[in-house]
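Structural features, examined
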Amino acid sequence: MSAPLVEAYEAALFDLDGVVYLGPAPVEGAPEGIQELKRRGTQVGFVTNNAARRPQVVVDQLVGLGVPAELSDVVTSAQAGARMLAEQLPRGSKVLVVGTEALAAEVEQAGMVPVSTSEEEPVAVIQGYDPQMTWPRIDDACVALQRGATWFATNTDSTRPTDKGLVPGAGAQIAAVGYTVKVSPQVAGKPFPPLLQETMRRMGTEQAVFVGDRIDTDIMGAVAVGMDSLFVFTGAHGKHDLLQAGPEGRPTHIGYDLRALLQPARTVEVQAQVARCGDQEARLDQGAVQLAAIPSDREGQLDALWAVLNLVWANPGVTAEVVDQLSELP
C-alpha cells in the first residue's frame, strides 16, 4: 500500500471553520484524524482567518472538542494583521480597531496604541470580524479613513460556515466601508500571503500542506505562497466550485475530510481526452466529460471527480454535468 499523503510533508496546517469544526461541533473524524497525525509526529498548525477570538480561546475550543492543540499551534489573522502594522508603522502609532477585544490585544502586543474612535486621530484603521459590530463603528472607520488613515483588514471572507448554515463574514462588514471610501485595505488573511507566511515563520517550516474547505481563501491562499493544498468537502465549497476554479484556485489533492491526509494521495493520469484515477475513467466526448461508470461509494466518487476535474482543467471550455450524478459529494 502506498504511503499516506501526509508523509510527503513536515507539517499539516488546517483552516478551522468547515475543516475542524462547524460552530460548536467537530467535523466528523477531525479529532481522531488530528490525534493520529500528532501520534505519527506530524507538526500540526491551526490557521484561521477569524480575528474575533484570542488564540487561547481557539485552543480551549479545540481541546474541548477532543482536538489536541497548544497555544503555539494556533495562528490567527489578527496576529498576522498586527505584524503588518508593526512592519509599516512607527512603534506607538495610534490605530483605530474596528473589531473585537482580541484584535485590540494583538495590536497592542505589536507595539501600537489601540484607540476606539476617529476623534483620537489614528494613523491607521484595522478591521476584523466582530459578531457585535455596530453601524456607528463602521461609520467611524469611514471617517478615519477619509481623514487619511491607512486601512488594514484581517480578512475578507464573505461568509462563515456554521452548524446551521452560512452566515455573513468579515468581508460583508469590510465591504460596507470599502463601498463608502472607494479604496481597498491591505489584507492579512487568506488568500493574501501574510497569514500563511506568518504561520510558516512561527512553525519554522516551509514544507507543509494546507487543508481547507474554500477555494477563494484556503486554496488560493496556499497557491499564493507556493504551498500544496488538500481540499475537503466538509465546509463551504463543493464539486461545482472546483469545476469553476482557475489555476490560482486548484488544490493539489482532494479528500472528503481531513482524514484523507492519512490515506494515499489520489493520482491521476491524463492522456489527450481521457483521465484515469484509481478504477475510474473520465472521457471527453463532443465537448462534454463523461464517466465510464458512476461509482456508488464515496471514495470511488472522489476518484471519479478527480479524473473529471483534471480533464476539465486541461481542456478549458468543456462541460461536466456528469458531476451532478456524484451524489455522495456536495
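To start, this report covers the structure provided alongside it. (Residues numbered from 1 in each chain as written. Predicted model: local features only at pLDDT ≥ 70, side-chain atom pairs only at ≥ 80, totals over all residues. Heavy atoms only, no water.)

What to know about the side chain of Thr 199
With respect to the helices, strands and loops of the structure, Thr 199 is situated in helix 7 (residues 194–203). Given a relative accessible area of 1%, Thr 199 falls into the buried group. Beyond its immediate sequence surroundings of up to four residues, Thr 199 is in contact with Leu 13, Val 47 and Val 75. (Helix = DSSP H or I, 4+ residues; strand = E, 2+ residues; numbered from the N terminus. Buried < 20%, exposed > 50% of the residue type's maximum accessible area, 1.4 Å probe, protein only. Contact = heavy atoms within 4.5 Å.)

Some points on the packing of helix 3 (residues 77–88) against helix 7
Two elements in contact, helix 3 and helix 7, have axes whose closest approach is 9 Å; the angle formed by their N-to-C orientations is 95°. Between helix 3 and helix 7, the crossing angle belongs to the class labelled roughly perpendicular. Across the interface between the two elements, Ser 77, Gln 79, Ala 80, Arg 83 and Met 84 from helix 3 touch Pro 194, Leu 195, Glu 198, Arg 201 and Arg 202 from helix 7. Taken together, the residues of the contact of helix 3 with helix 7 break down into four nonpolar, two polar and four charged. (Axes fitted to C-alpha atoms, helices over the stretch in contact; angles between N-to-C directions. Parallel < 35°, antiparallel > 145°, perpendicular 65-115°, else oblique. Nonpolar A, V, L, I, M, F, W, Y, C, P; charged D, E, K, R; others polar.)

Remarks on the pattern of salt bridges
Following the criterion strictly, the structure yields 17 salt bridges and no others. A salt bridge links Glu 198 to Arg 202, with the nearest nitrogen and oxygen atoms 2.8 Å apart. Of this pair, Glu 198 and Arg 202 both sit in helix 7, four residues apart, roughly one helical turn. Here Glu 198 falls in the buried class, since its relative accessible area comes to 4%. Between Arg 259 and Asp 257 there is a salt bridge, with its nearest N and O atoms 2.7 Å apart. Overall, the relative accessible area of 33% leaves Arg 259 in the partly exposed class. Within this structure, Arg 83, Glu 198, Arg 201 and Arg 202 form a network of salt bridges that share partners. (Salt bridge = Lys/Arg side-chain N within 4 Å of Asp/Glu carboxyl O.)

Observations regarding the pairing of strand 4 (residues 43–48)
Where burial is concerned, most of strand 4 is hidden: five out of the six residues are buried. Pairing of strand 1 (residues 11–14) with strand 4, which is carried by four bridges, proceeds in the parallel orientation. Paired with Phe 14 across the bridge in strand 4 is Phe 46. Alignment of strand 4 against strand 5 (residues 74–76), held across three bridges, turns out to be parallel. Opposite Val 47, over in strand 5, you have Val 75 as the bridge partner. After leaving strand 4, the chain enters helix 2 (residues 55–64) and then returns to the sheet as strand 5, a path that is right-handed. (Pairing = 2+ DSSP bridges. Right-handed = clockwise from strand over helix to strand, strands pointing away.)

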